[in-house]
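Okay, here's what each chain looks like letter by letter:
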Amino acid sequence: MIRLSVQFGVNVLTVRNLNAYDHIISNGPNIQCVRWKRKPIWLPPAKSKLFRVPKRKVIPTEESIELKRLHNNYRTYMKSLMTYFIETEKERELCFDKLVVEKNAQKDFEICSQINDKWNKKVAMMREKRLTQEREDRRKEILEKVQAKKERDSKMLEKIDEEIRKAKEEAKTFITPENVDKAIVNALENITEHNVAIDLKGNFYKTKSKVESSNKL
Amino acid sequence: MVIKYIGRTHYLKGKPLWEILGNLKNHGVGRLVIRGTQQRYPEISYMKILKVAGLPDVSKNPHDPRKVIVLVERVFRGQKSPILVQMDGTTYKPDFMLVPKDQEAKYINATETPQLRIMPQITNFPPLLEEMLIQEAQEQGKDVADIKLKLIYSPLGIKSYRIAEEGEAPTTEIKIGLGQPASPSLYENIKQQNAS
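Counting restarts for each chain: residues are numbered from 1 in the order of the written sequence. Chain letters start at A and ligand numbers start at 1, both assigned in the order the entries are written. Local features in a predicted model are, by the rule used here, given only for residues with pLDDT of at least 70; side-chain atom pairs are given and counted only at 80 or more, and totals for whole chains, interfaces and linings are based on all residues. The basis for every side-chain value is the complete set of heavy atoms in the structure, and neither hydrogens nor water enter the calculation.

Considerations on the overall build of chain A
Then comes step 1: From N to C terminus, chain A includes six helices and two strands.
Then comes step 2: Strands here are runs of E lasting at least two residues and helices are runs of H or I lasting at least four, both read from the DSSP assignment and numbered beginning at the N terminus. Sequence-ordered secondary structure for chain A, helices as α and strands as β, is α-α-α-α-α-β-β-α.
Then comes step 3: We call a residue buried when its accessible area falls under 20% of the maximum for its residue type, exposed when it is over 50%, and partly exposed in between, using a 1.4 Å probe and counting protein chains only. By residue count, 8% of the 217 residues in chain A fall in the buried class.
Then comes step 4: By definition, residues are in contact when any of their heavy atoms lie within 4.5 Å. Pairs at least 24 apart in sequence give 30% of the contacts found in chain A among residues at least 6 apart.

Notes on a nonpolar patch on the surface
Residue and element names in this part refer to chain A.
Then comes step 1: Candidates for patches are residues over 30% relative accessible area with no salt bridge; among them, like charges are joined within 9 Å and nonpolar side chains (Val, Leu, Ile, Met, Phe, Trp, Tyr) within 5 Å. Only the protein chains shown count as cover for residues, and the accessible areas themselves come from Shrake-Rupley with a 1.4 Å probe. Here, a salt bridge means any Lys or Arg side-chain nitrogen found within 4 Å of an Asp or Glu carboxyl oxygen. Where nonpolar side chains cluster on the molecular surface, the patch consists of Ile175, Val180, Ile184 and Leu188 and spans about 390 Å² of accessible area.
Then comes step 2: Mapped onto the elements, Leu188 comes out in helix H5 (residues 180-189).
Then comes step 3: We classify Leu188 as exposed; its relative accessible area is 62%.

Some words on the pairing of strand S2 (residues 46-54) of chain B
Residue and element names in this part refer to chain B.
Then comes step 1: Across two bridges, the pairing between strand S1 (residues 32-35) and S2 is antiparallel. Looking at S2, one finds that Leu32 is bridged to Lys48.
Then comes step 2: Any two strands with at least two DSSP bridges between them are considered paired. Looking at chain direction, S2 and strand S3 (residues 68-76) are connected through eight bridges and run antiparallel. Among the inter-strand pairings, Ile49 is bridged to a residue of S3, identified as Val72.

Quick word on the pairing of S3 of chain B
The two faces of the sheet receive side chains in turn, since in a regular strand these alternate between them.
Residues and elements named next belong to chain B.
Then comes step 1: Sheet topology places S3 next to strand S5 (residues 85-87); three bridges connect them, and they run antiparallel. Bridging across to S5, Val70 finds its partner in Met87.
Then comes step 2: Of the pairings in the sheet, the one linking S3 to strand S4 (residues 79-80) comprises two bridges and is antiparallel in character. Within S4, the position partnered with Val75 by the bridge is Lys80.
Then comes step 3: Counting the residues in the hairpin turn of S3 and S4 gives two residues, including Arg77, whose phi is positive at 50°.

A few points about the confidence of the model for chain A
Residue and element names in this part refer to chain A.
Then comes step 1: Per-chain confidence: chain A averages 83 in pLDDT, with 78% of residues scoring 70 or above.
Then comes step 2: Confidence per residue, as judged by the predictor, is encoded in pLDDT with a range of 0 to 100. At the level of individual helices and strands, chain A shows its lowest average pLDDT in helix H1 (residues 12-19), which scores 46, and its highest in helix H4 (residues 98-171), which scores 95.
Then comes step 3: Here residues 1-18 is modelled with pLDDT under 50, and outside its nearest four sequence neighbours on either side it reaches 27 contacts, counting other chains as well.

Quick notes on the nonpolar core
Then comes step 1: What makes a nonpolar core is a set of buried Ala, Val, Leu, Ile, Met, Phe, Trp, Tyr and Cys residues whose side-chain atoms join them at distances within 4.5 Å. In this structure, Leu81 of chain A together with Phe125, Ile147, Tyr153 and Ile174 of chain B are the most contacted members of the largest nonpolar core, which totals 14 residues.
Then comes step 2: When contributions to this core are tallied by element, the ones reaching two or more residues are helix H3 (61-95) of chain A together with helix H3 (127-140) of chain B.
Then comes step 3: Counting residues per element, this core draws most heavily on H3 of chain B, at four residues.
Then comes step 4: Ranked by size, the runner-up nonpolar core spans 13 residues in total, among them Ile20, Val72, Val85 and Phe96 of chain B.

A closer look at the pattern of salt bridges
Residues and elements named next belong to chain B.
Then comes step 1: Scanning the model with the defined rule gives 14 salt bridges over all chains in all.
Then comes step 2: Put simply, Arg31 and Glu104 hold a salt bridge, and the shortest N to O gap is 3.3 Å. Placement of Arg31 in the loop between helix H1 (17-22) and S1 and of Glu104 in helix H2 (residues 104-108) is noted, with a sequence separation of 73 residues between them. Assigned by exposure class, Arg31 and Glu104 land together as buried.
Then comes step 3: Two residues, Glu43 and Arg77, come together in a salt bridge whose shortest N-O distance is 3.0 Å.

Structural notes on the UniProt feature "coiled-coil region" (unreviewed entry) in chain A
Then comes step 1: Under the UniProt annotation, the feature "coiled-coil region" (unreviewed entry) is placed at residues 143-170 of chain A.
Then comes step 2: As annotated, residues 143-170 of chain A comprises 100% helix and 0% strand, and the C-alpha atoms at either end are separated by 40 Å. UniProt positions are given in the numbering used here, feature names are shortened, and annotations may be inferred rather than shown by experiment.

What to know about the side chain of Ser160 of chain B
All names here are of chain B.
Then comes step 1: Mapped onto the elements, Ser160 comes out in the loop between strand S9 (149-150) and strand S10 (161-163).
Then comes step 2: For Ser160, a relative accessible area of 15% translates into the label buried.
Then comes step 3: For Ser160, the contacting residues outside a window of four places in its chain are Gln79, Pro114, Gln115, Leu116 and Arg117.

Laid out in structure tokens, this is it:
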């Protein structure tokens, strides 16, 4: 049904509201608009309908009995269902009550702390075990180190002793102010010739080569 | 002055209570009054006036009905109310009729009462909700047989029914669906498709 924009002679607001549907209604020649064809509910009755008295509807007894039964059943059922929903919602809300929530939180905390204690104990046992092991290992290490140091020291002492002994032995041959004259004499008497030849096998050749002596001359 | 009524008609039949009681000796204490709207029931309904008091006139027009406070002993559909009833808000309605003294015995001696129906205590939930509740119960390990909707009935008024006691078979049933029709003749020519 194509609806033309009709001026109702009422205020602009309602007319504008009426016109707002026009684009829906006159959207095509084949559209039949069921919803917006009548006057909006907030407008007063039309002038032509103002003094119309609708006839009272007469419902047959048979039908009225049946309708009453159906309505009664429906209302009882819906009321019961609604009451059920309200009650379940109340029970659910009770779970979120402040006291109950606090109580539940306390309970939860207790359970958590119990689990935590258990874990702590377990970890403590493991730590104790590890620490004893570490202590044992350290003791062993230290003992080993001490032993090694002792050995090293004794070796060092031996080495030093050896050196001292050697030095003492050598000390007899040292040139001192007392025997410096003797040493000089000795040196003069025994001239050591370092100018020697050596072959690949390490044999010394003390005899002077003829070529060399002739050159000197 | 001729009163011309315009507008919609109503079901009421009779006069306002003020008009009836104001014309009676001792304001009609001890007399019987019936309501027009209650005459549709086959059983007897009446009210016995016990005490009358007026209410201040707030009407703007002398033709407007006035209200009155009355204490009555109410019998509705042959059943007597266990408590006395005070009427005030409804007394302005032109729906009251005085019972002549010679007919009072007919009302007082009537014993006919409506057939007492026994209504069920519980019924099934709607199918989808029932399924959901059953699933929920199974998850929580509860008994599935307990899932029934408790029916709520109005506790007020004079009833022609009572709620079934434990183990008692109700005479009427309330459930989702059409149920047992009150007038089967309406359904006679309907071809019902067998859903199962």
